[in-house]
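Architecture and fold: a report
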Amino acid sequence: LRGDEVGPVPGAPGPAEVASSGVRFVWRAVAGAREYALEIVTEDGDRVLSRRTADTTLVWDGPLPGLPGPWRWWVEAYQAGGVVLRSPMRVMRTR
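Note that the structure is predicted; figures quoted are calculated from it, not measured.

A word on the pattern of salt bridges
Throughout the structure, instances matching the rule amount to 2 salt bridges. Linking Arg-52 and Glu-35 is a salt bridge whose minimum nitrogen-to-oxygen distance equals 2.9 Å. Pair noted here: Arg-52 is in strand S5 (residues 47-53) and Glu-35 is in strand S4 (residues 33-42), with a separation of 17 residues, a long-range link. The exposure class assigned to Glu-35 is partly exposed, which follows from its relative accessible area of 28%.

Printed below as a string of structure tokens:
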């Protein structure tokens, strides 16, 4: 990771409560990113969801196991040459 590379920045959802299904994840685009991976884990680090997309938005319509959370989520941006940039981790809860 070079100092001039900026990774994705999570937008939504934030620490505020969100619905248990139909959660819309949004993050800032990364220049040159070919694909993004959204990762969601439990408080203990168990993977709940891992999805890839070329977009900067992903809607998860399924129920999130282990309600009510909290969960931690982040996005990884995949660039040419095998460069992977990771966003800061975000915490989210459901109601």
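Details of the sheet that holds strand S1 (residues 10-12)
Taken together, the 3 strands give an open sheet; going across it, the order is S1-S3-S6, and neighbouring strands pair in antiparallel fashion. The open sheet has two edge strands with one neighbour each: S1 and strand S6 (57-60). Sheet twist, expressed as the mean angle between neighbouring strand axes with direction ignored, is 25°. Where strand S3 (residues 23-27) lies against S6, 4 bridges are found, and the strand directions are antiparallel. Note on S6: the bridge partner recorded for Val-23 is Trp-60.

Procedures and definitions
Residues numbered from 1 in each chain as written. Predicted model: local features only at pLDDT ≥ 70, side-chain atom pairs only at ≥ 80, totals over all residues. Heavy atoms only, no water. Salt bridge = Lys/Arg side-chain N within 4 Å of Asp/Glu carboxyl O. Helix = DSSP H or I, 4+ residues; strand = E, 2+ residues; numbered from the N terminus. Buried < 20%, exposed > 50% of the residue type's maximum accessible area, 1.4 Å probe, protein only. Pairing = 2+ DSSP bridges. Axes fitted to C-alpha atoms, helices over the stretch in contact; angles between N-to-C directions.

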